[in-house]
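Listed below, chain by chain, are the residues.
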Amino acid sequence: METDIMNRYATQKSLSEAVDGGGLLVVAQWEAKPGEADKVAAILDRFLPEAQREGGVKLFLISRAKDNPAQFLFYELFRDEAAFKAHQDSAHFKTCIAGEALPLLAKRERTQYALL
């Protein structure tokens, strides 16, 4: 199943509007288990619009590596720590990510950054 998750933006704002006022940036890298990449992509395709609609989300992008389709990169900008916590507590995160996607992963790494 081919998806277009590489080209979606969290809002119709410009990038400069999204980063205005700072925020908490979370960068995550996933690698799906062998044979599970398309299932992960399908889950993310359902999850992404829900995450993008969250009030505390300033920018939410997911991309899939061109040279290794089992690898996914998340670039998530939240208004603050509370918005990130609300994201993790959301029903769509608990269902799609914790319940469906994480068991299909061989690797998951996340790093948090403060915008300068």
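Looking at an unreviewed UniProt entry, one finds the protein named Quinol monooxygenase and attributed to Bradyrhizobium sp. LLZ17.

Trainee: Explanation requested: the packing of aromatic side chains in the structure shown.
Mentor: Here the distance between the centres and the angle between the planes together describe a pair of aromatic rings. Applying the stated criterion across every chain yields a total of 4 aromatic pairs. Judged by centre distance (4.5 Å) and plane angle (45 degrees), the ring pair of Trp30 and Phe74 falls under tilted. Residue Trp30 is located in strand β1 (residues 24–32), and its partner Phe74 is located in strand β3 (residues 71–78); the two are separated by 44 residues in the primary sequence. Accessibility assignment for this pair places Trp30 and Phe74 in one class, buried. Here the aromatic rings of Phe60 and Phe78 are separated by 6.3 Å at their centres, their planes lie at 90 degrees, and the arrangement is edge-to-face. Here Phe78 lies in strand β3 and Phe60 lies in strand β2 (residues 57–64), a separation of 18 residues in the sequence. Of the two residues examined, Phe60 and Phe78, each falls in the buried class. Members of the aromatic cluster, joined through ring pairs, are Phe47, Phe60, Phe78 and Phe84.

Trainee: In this structure, what is going on with helix α2 (residues 37–52)? I would like to understand it.
Mentor: The α-helix advances 3.6 residues per turn, and as a result positions three or four apart in sequence lie on the same side. Taking 1.5 Å of rise per residue, 16 residues should cover 22 Å, and α2 covers 22 Å from first to last C-alpha, within 8% of that figure. The largest bend along α2 reaches roughly 30 degrees and is located at Arg46, with the proline Pro49 sitting one to four residues downstream. For α2, the complete set of buried residues consists of Ala37, Val40, Ala41, Ile43, Leu44, Phe47, Leu48, Ala51 and Gln52. Where α2 is buried, its residues contact β1, β2, β3, α3 (81–89), α4 (91–101) and β4 (105–114).

Trainee: I'm lost on the packing of α3 against α4 in this one. Help?
Mentor: Helix-helix packing is described using two parameters, namely the angle between the two axes and the distance between the axes. The geometry of α3 relative to α4 is characterised by a closest axis approach of 5 Å and an angle of 60 degrees between their N-to-C directions. Considering their axes alone, α3 and α4 lie oblique with respect to each other. Seen from α3, the contacting residues are His87, Gln88 and Asp89; seen from α4, they are Ala91, Phe93 and Lys94. Of the residues assigned to the contact of α3 with α4, the class counts are 2 nonpolar, 2 polar and 2 charged.

The rules behind these values
Residues numbered from 1 in each chain as written. Predicted model: local features only at pLDDT ≥ 70, side-chain atom pairs only at ≥ 80, totals over all residues. Heavy atoms only, no water. Phe/Tyr/Trp six-rings, centres within 6.5 Å; stacked < 30°, edge-to-face > 60°. Helix = DSSP H or I, 4+ residues; strand = E, 2+ residues; numbered from the N terminus. Buried < 20%, exposed > 50% of the residue type's maximum accessible area, 1.4 Å probe, protein only. Expected span 1.5 Å × (residues − 1). Bend = angle between axes of the 7 residues up to and from the residue. Contact = heavy atoms within 4.5 Å. Axes fitted to C-alpha atoms, helices over the stretch in contact; angles between N-to-C directions. Parallel < 35°, antiparallel > 145°, perpendicular 65-115°, else oblique. Nonpolar A, V, L, I, M, F, W, Y, C, P; charged D, E, K, R; others polar.

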